[in-house]
Amino acid sequence: MLVDINTCFGKSPKQRVDWSPETLLSLLEDKAVDRALTYSLRGVLYDFVTGNDETWEVCDRYERLIPVATIDPRRHFGCLEEVERCADRGFRVFRFFPDEQGWTINSKPFLNLCEAIAEHGAVMLLPAGATGHQTLIGEIIAPFGFNIVIIGAGYGVNAETYAVAAEYDNVFAETHMFDTPGTIEGLVWVAGPHKVIFGSNSPDRYFGAAYAMVQHAELSDEDRAAILGGNALKYLHLEGS
Amino acid sequence: MKKIDAHAHYGVWNFPIPHCGTVDNLLRLCDKHDVAHAVCSSGLAILYDMEEGNAEMAEIVAEHEQLLGYVYVNPNFIPESIAEMERYLPEDGFVGVKIYTAGYSGVPADAPIFEDMVAEVARYASAMLIHTYDIEVGRTLAGYAEKHPGLNFIMGHAAAMDSDQAAKLARTHPNMYLEFCSSWAGKGKVERAIDICGAEQILYGSDMDLIDPAFIIGMFEDAGLTEEQKQMIYYDNAARLFGLL
C-alpha cells in the first residue's frame, strides 16, 4: 500500500499550472499511489469554506483521494464552526498554512482551533517552518493530544525534527524535504520507524525525488513499507477511509 | 546509467547526516548511484581556510580516481587564489574552479573584486562552478560569460526557482551550464530547461554528501527524459566539459 500524505490540486496566482484533480490522479496512477491526502489550494489562498467544499467534492468523486480540510485562523468568524462542519462531514485531517497566511502557531485563534480539533480526535498537518517552529509544535500543540505530522522539514531544521519526533509520542514527520543522505535512517534510529510518513508534495514537486529517498534508504522491508503507507494508515486513522 | 557528478563536496556539514564528511561516504554514494566521477570542492576551503582545504582536496583526489577536484578560489584573496590555481590546476585530479557568491565569501557576484577574480580564473581554467540561488547572480554571470568565452560557467542550483530564466541565459550563452541540485524539486523545471536551452548545457550534480544523489536522480528520472538526453546530462556533457573523454 503506497500512501502519499502530501498532495494538492487547484491553481496558483503566481504561475500557470496544470494542477487539476485529474492531473493529480493521473500522476498518482502513474506512480502506483494507492491513496493520497489532498486539499484544494482555493482553501489555502482564498476561502477555506469553499475550498473545503471543493476538496470534499473532489475526494467524493475519486476514491483514491482522502480529503484534508484547512482553516485560516485570521478570519475569526466562522473558524470554529468550520471545524465542526468539516468534522461532521467526515474530514479526519486538518492542515494549516501559517507561513503562507502570515500567522503563528502560538497565536490564540489557532490554539482555539486546536482545542476544537482535539475534541474530534482529528489529525493535524503542520509545516516545519523556520528554526524553533517544530519545538513550538512539540511544546504547545502536542499537549492537545491529537496526532501531528510535521510537513517539509529540510536539512537545516532536521535536528529539531529528530528531537521533537523523539520526545513527543504524537508527533510524526513527513518526508518530501528529506534530501540529505541518511536523513530517513537517522530519524528511524532516533525516533522509530513509525514516526516517518511518506509525502511528495505533488504535483508541485517531482514525486520521484521524495520517493527515491525512501526507496534508496537503508531500511528493512518492513520499515520501508510502514513509511510508504502503513504509518499513514495507522497514525492518520485512515483505515477504512 | 553511469554518471559524472559536477557538484559534490568533501567536508563536514552541521546537519544530522550520518558519516558525513568522509571519503568513504562519498565513495559509498558514488557506488550506490553509479557515479564514475564526482567533482568535489572542499568544505573546509569554503567555510574556513582556502589553502588548507584545497591541500586536503589534493590529497584526496590523488588517492581516489573516482573523486575529482575543484580548486576553491576566494575573491577576498585574489593573489592567494591565483597561487592555488597555479599549484593545483596542473594536477591530474583537478578539473576546474569553484567560487562562491555572497554567502560564504561575503562578496556579491557583481562586486569589482568578484569580477577581477573571474578574470583571473579565466586565465587558468576552462570550467568554474558558481552557486546561483536566483537569477540576479545568473545575469551577472552572463556578463562575465560574454567577456570570457573560454571559461565555462556552471550555474550551481540552476538559479533555484528562477531556473527557467537561467535556461534562457544558457540558450544565448553557449558557455553557461545548468546544474540542478536543490532541495526544491520543483516539478517540470528540468523539462522546461531542456525545451529552452536543450540538454547539451545541463549537467547532473547532487551536492553530496549534503544532499543525497537519490533525491536529484529521482528528479531527473521523473522528468521523462529520453535515453539520449539522460546520457548527455548524466555523463557526456560533463565528460566533455571536464576533458574526461
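Structure's up top.
Everything in this summary refers to the structure shown in the same document. None of these values were measured; they are calculated from a predicted model.

What about the nonpolar core?
Link 1 in the chain: F96, F110, I141 and I184 of chain A together with F153, L178 and F220 of chain B are the most contacted members of the largest nonpolar core, which totals 145 residues.
Link 2 in the chain: Look past the residues within four positions of I184 of chain A in its chain and what remains in contact with it is F178, V196, M213, V214, A217, L219 and I227 of chain A.
Link 3 in the chain: In terms of nonpolar packing, the next biggest core, distinct from the first, is built from 23 residues, L37, V93, V123 and I151 of chain A among them.

Description of the sheet that holds strand β7 (residues 176-179) of chain B
All names here are of chain B.
Link 1 in the chain: If you trace the eight strands from one edge of the open sheet to the other, you get β1-β2-β3-β4-β5-β6-β7-β8, paired in parallel fashion. With one partner strand each, in any of the chains shown, β1 (3-10) and β8 (202-203) form the two edges of the open sheet.
Link 2 in the chain: By the bridge criterion, six bridges tie β1 to strand β2 (residues 35-42) in an arrangement that is parallel. By the bridge assignment, D5 is partnered in β2 with A38.

Observations regarding the pattern of salt bridges
Residue and element names in this part refer to chain A.
Link 1 in the chain: Within this structure, the stated rule accounts for 19 salt bridges over all chains.
Link 2 in the chain: Where R64 meets E29, a salt bridge forms, and the shortest distance between an N and an O atom there is 2.6 Å. Residue R64 is located in the loop between α3 (48-61) and β3 (65-70), and its partner E29 is located in helix α1 (residues 21-30); the two are separated by 35 residues in the primary sequence.
Link 3 in the chain: A relative accessible area of 23% means that R64 is categorised as partly exposed.
Link 4 in the chain: According to the relative accessible area criterion, E29 is exposed, its value standing at 52%.

Brief notes about the sheet that holds strand β6 (residues 148-151) of chain A
All names here are of chain A.
Link 1 in the chain: Taken together, eight strands build an open sheet; the order of strands is β1-β2-β3-β4-β5-β6-β7-β8 and the sheet is parallel. The open sheet is flanked by β1 (3-9) and β8 (196-197), the only strands paired with a single partner.
Link 2 in the chain: Direction of pairing for strand β4 (residues 93-95) relative to strand β5 (residues 123-127): parallel, over a ladder of three bridges. The residue bridging V93 from the neighbouring strand is V123, located in β5.

Here we look at the environment of C79 of chain A
Link 1 in the chain: Structurally, the position occupied by C79 of chain A is in helix α4 (residues 79-89).
Link 2 in the chain: Spatially, the C-alpha atoms of C79 of chain A and F96 of chain A are 12 Å apart, while their sequence positions differ by 17 residues.

Thoughts on empty space enclosed by the protein
Link 1 in the chain: Inspection of the entire model under this criterion finds one cavity of 30 Å³ or more.
Link 2 in the chain: As a volume, the largest cavity reaches approximately 40 Å³.
Link 3 in the chain: H176, M177, S200, R205, Y206 and A210 of chain A together with S183, A185 and F215 of chain B are the residues that line the largest cavity.
Link 4 in the chain: In terms of residue class, the lining of the largest cavity is built from five nonpolar, three polar and one charged.

Some remarks on the packing of aromatic side chains
Link 1 in the chain: Tallying each qualifying case throughout the model produces 19 aromatic pairs over all chains.
Link 2 in the chain: Ring plane angle 40° and centroid distance 4.9 Å describe the contact between W103 of chain A and F110 of chain A, whose orientation is recorded as tilted. Pair check on accessibility: W103 of chain A and F110 of chain A agree, each one buried.
Link 3 in the chain: Ring plane angle 75° and centroid distance 6.0 Å describe the contact between Y70 of chain B and F242 of chain B, whose orientation is recorded as edge-to-face. One end of the pair, Y70 of chain B, is in strand β3 (residues 67-72); the other, F242 of chain B, is in the segment after α11 (227-241), with 172 residues separating them in the sequence. Each member of the pair Y70 of chain B and F242 of chain B is classed as buried.

Side note on a negative patch on the surface
All names here are of chain A.
Link 1 in the chain: Residues E81, E84, D88, E115 and E119 make up a contiguous surface patch of negative charge.
Link 2 in the chain: Where the negative patch is concerned, the elements lending two or more residues are α4 and α6 (108-119).
Link 3 in the chain: Among the elements that line the negative patch, the one with the most residues is α4, at three residues.
Link 4 in the chain: Here E81 lies in helix α4.
Link 5 in the chain: Among the residues examined, E81 registers a relative accessible area of 53% and is labelled exposed.

Details of α4 of chain A
Residue and element names in this part refer to chain A.
Link 1 in the chain: Residues of α4 that are buried: C79, E82, V83, C86 and A87. Each buried residue of α4 lies within a common arc of 130° when the element is viewed along its axis, so the set occupies one face. Exposed side chains of α4 directed beyond 90 degrees from the buried face belong to E81 and D88.
Link 2 in the chain: Against the buried residues of α4 lie α3, β3, β4 and α6.
Link 3 in the chain: Backbone geometry just after α4 places G90 at a positive phi near 125°.

Some details on the pairing of strand β7 (residues 171-174) of chain A
All names here are of chain A.
Link 1 in the chain: The two faces of β7 match: V171 and A173 on one face and F172 and E174 on the other face are all buried.
Link 2 in the chain: Alignment of β6 against β7, held across three bridges, turns out to be parallel. Note on β7: the bridge partner recorded for I148 is V171.
Link 3 in the chain: For the handedness criterion, the β-α-β arrangement of β6, helix α8 (residues 158-167) and β7 is classed as right-handed.
Link 4 in the chain: In this structure, β7 lies alongside β8, joined through two bridges in parallel fashion. Its bridge partner lying in β8, A173 is registered against V196.
Link 5 in the chain: Note on the crossover from β7 through helix α9 (residues 183-191) to β8: the handedness is right-handed.

Some details on the side chain of R35 of chain A
Residues and elements named next belong to chain A.
Link 1 in the chain: Secondary-structure assignment places R35 in strand β2 (residues 35-40).
Link 2 in the chain: For the buried R35, which has no salt bridge, the nearest side chain bearing the opposite charge is E63, at an N-O separation of 5.9 Å.
Link 3 in the chain: From its side chain, R35 meets the backbone oxygen of R64 in a polar contact 3.5 Å long.

Description of the interface of chain B and chain A
Link 1 in the chain: Across the boundary between the two partners, chain B contributes 28 residues, which contact 27 residues of chain A.
Link 2 in the chain: A buried area of about 2,200 Å², summed over both sides, lies between chain B and chain A, and 63% of it is on carbon and sulfur atoms.
Link 3 in the chain: Considering only the surface of chain B that becomes buried against chain A, P16, K187 and F215 of chain B emerge as the three largest contributors, covering 27% of it.
Link 4 in the chain: Salt-bridge contacts for E218 of chain A lead to K32 of chain B; the nearest nitrogen and oxygen are separated by 3.7 Å.
Link 5 in the chain: In this assembly, chain B and chain A are joined by 13 residue pairs in polar contact (both at pLDDT 80 or more).
Link 6 in the chain: Mapped onto the side of chain B that touches chain A, the elements with two or more residues apiece are α1 (23-32), α9 (189-197) and α10 (213-221) of chain B.
Link 7 in the chain: At four residues, the largest contribution of residues to the side of chain B that touches chain A is made by α10 of chain B.
Link 8 in the chain: Counted by class, the side of chain B that touches chain A contains 14 nonpolar, six polar and eight charged residues.

The rules behind these values
Residues numbered from 1 in each chain as written. Chains lettered and ligands numbered in written order. Predicted model: local features only at pLDDT ≥ 70, side-chain atom pairs only at ≥ 80, totals over all residues. Heavy atoms only, no water. Core = buried A, V, L, I, M, F, W, Y, C linked by side-chain atoms within 4.5 Å. Buried < 20%, exposed > 50% of the residue type's maximum accessible area, 1.4 Å probe, protein only. Contact = heavy atoms within 4.5 Å. Pairing = 2+ DSSP bridges. Helix = DSSP H or I, 4+ residues; strand = E, 2+ residues; numbered from the N terminus. Salt bridge = Lys/Arg side-chain N within 4 Å of Asp/Glu carboxyl O. 1 Å grid on protein atoms, 1.4 Å probe; cavity = no way out; pocket = protein on both sides within 12 Å on 5 of 7 lines; lining within 4 Å. Points joined across faces, edges and corners; volume = space filled by probe spheres on them. Nonpolar A, V, L, I, M, F, W, Y, C, P; charged D, E, K, R; others polar. Phe/Tyr/Trp six-rings, centres within 6.5 Å; stacked < 30°, edge-to-face > 60°. Patch = residues over 30% accessible without salt bridge, like charges linked within 9 Å, V, L, I, M, F, W, Y side chains within 5 Å. Areas by Shrake-Rupley, 256 points an atom, 1.4 Å probe, with all protein chains shown as cover. Lys, Arg positive; Asp, Glu negative; His and termini not counted. Charge placed at Lys NZ, Arg CZ, Asp CG, Glu CD. Arc of directions from axis to C-beta. Right-handed = clockwise from strand over helix to strand, strands pointing away. Polar contact = N/O pair within 3.5 Å; in protein donor to acceptor, adjacent residues only side chain to side chain. Buried area = accessible area lost by both parts, 1.4 Å probe.

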